[in-house]
Amino acid sequence: MEINLTDQVKGLLQAFLLLILPLIVLVLGIIFTIENVWYFLLAITWFGSGVIFFSALN
């Protein structure tokens, strides 16, 4: 199954999933004082991978 989206919508969706969403997760972890270090490591890794994939796709 293939979803047909315009290039602008694809770009916004990629930016949201790869860049904005991990930052929101990090901020929520800081606000609610989650003290589990793995939570932050996974969110930072997700953001780093998102930057790489986002730049590779564009």
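Everything numeric in this text was worked out from a predicted model, so none of it was measured.

Engineer: When you look at the overall build of the protein in this model, what are you seeing that I'm missing?
Structural biologist: If you tally the helices and strands in the protein, you get 2 helices and 0 strands. The C-alpha radius of gyration computed for the protein amounts to 14 Å, which surpasses the reference 10 Å derived for 58 residues by more than 25%, pointing to a less compact arrangement than a globule. Seen through its principal axes, the protein has C-alpha atoms that stretch 40 × 20 × 20 Å. Within the protein, contacts between residues separated by at least 24 positions form 59% of all contacts whose residues are at least 6 apart in sequence. With an accessible surface of roughly 4800 Å², the protein has 75% of that area assigned to carbon and sulfur atoms.

Engineer: Honestly, the packing of aromatic side chains in this entry has me stumped. Any pointers?
Structural biologist: Applying the stated criterion across every chain, the model contains 1 aromatic pair. Judged by centre distance (5.3 Å) and plane angle (90°), the rings of tyrosine 39 and phenylalanine 40 are edge-to-face.

Engineer: Teacher, can you tell me more about helix H2 (residues 37-57) here?
Structural biologist: One turn of an α-helix holds 3.6 residues; hence residues three or four places apart share an orientation. Counted at 1.5 Å a residue, the expected span for H2 with its 21 residues is 30 Å, and the 30 Å between its end C-alpha atoms agrees. Sitting at the head of H2, asparagine 36 places a side-chain oxygen 3.2 Å from the backbone nitrogen of tryptophan 38.

Engineer: What should I look at first to understand the packing of helix H1 (residues 7-31) against H2 in this one?
Structural biologist: The relative placement of two packed helices comes down to the angle between their axes together with the axis-to-axis distance. At a minimum axis distance of 9 Å, the contact between H1 and H2 shows a crossing angle of 160°. If you check the angle between H1 and H2, you find them roughly antiparallel. Our pair here, H1 against H2, has a crossing hand that is left-handed. Counted by class, the contact of H1 with H2 contains 21 nonpolar, 4 polar and no charged residues.

Cut-off values and rules
- Per-chain numbering applies: the sequence of each chain, read as written, is numbered from 1 onward.
- With pLDDT at 70 or above as the cut-off, local features in this predicted model cover only qualifying residues; side-chain atom pairs require 80 or more to be listed or tallied, and sums for whole chains, interfaces and linings still use all residues.
- The side-chain numbers reported here are obtained from all heavy atoms of the structure, hydrogens and water having been left aside.
- Secondary structure counts use DSSP, requiring at least four H or I residues in a row for a helix and at least two E residues in a row for a strand, with both numbered from the N terminus.
- As defined in this context, the radius of gyration uses C-alpha atoms, and a globule is described by 2.2 Å times the residue total to the power 0.38.
- Note on definitions: a residue-residue contact is assigned when non-hydrogen atoms from the two residues lie within 4.5 Å.
- The method behind every accessible area is Shrake-Rupley, applied with a 1.4 Å probe, and residues are considered shielded solely by the protein chains displayed.
- Centres within 6.5 Å are what make two rings of Phe, Tyr or Trp a pair, Trp counting through its six-membered ring; a difference in plane orientation under 30 degrees is then read as stacked, over 60 as edge-to-face, and the rest as tilted.
- Given the number of residues in a helix, its expected span is that number minus one, multiplied by 1.5 Å.
- Pairs of N or O atoms are called polar contacts if they sit within 3.5 Å, as long as, within protein, a hydrogen donor faces a hydrogen acceptor (for residues adjacent in sequence, only side-chain-to-side-chain pairs).
- Convention adopted: a line fitted to C-alpha atoms gives each axis, helices being fitted over their contacting stretch, and angles between N-to-C directions are expressed from 0 to 180 degrees.
- Roughly parallel covers angles under 35 degrees, roughly antiparallel covers those over 145, roughly perpendicular covers 65 to 115, and oblique covers all other angles.
- By definition, any crossing whose near helix is turned counterclockwise from its far helix by less than a right angle is left-handed, and any crossing with a clockwise turn is right-handed.
- Amino acids outside the nonpolar list (Ala, Val, Leu, Ile, Met, Phe, Trp, Tyr, Cys, Pro) and the charged list (Asp, Glu, Lys, Arg) are all regarded as polar, and Gly is one of them.

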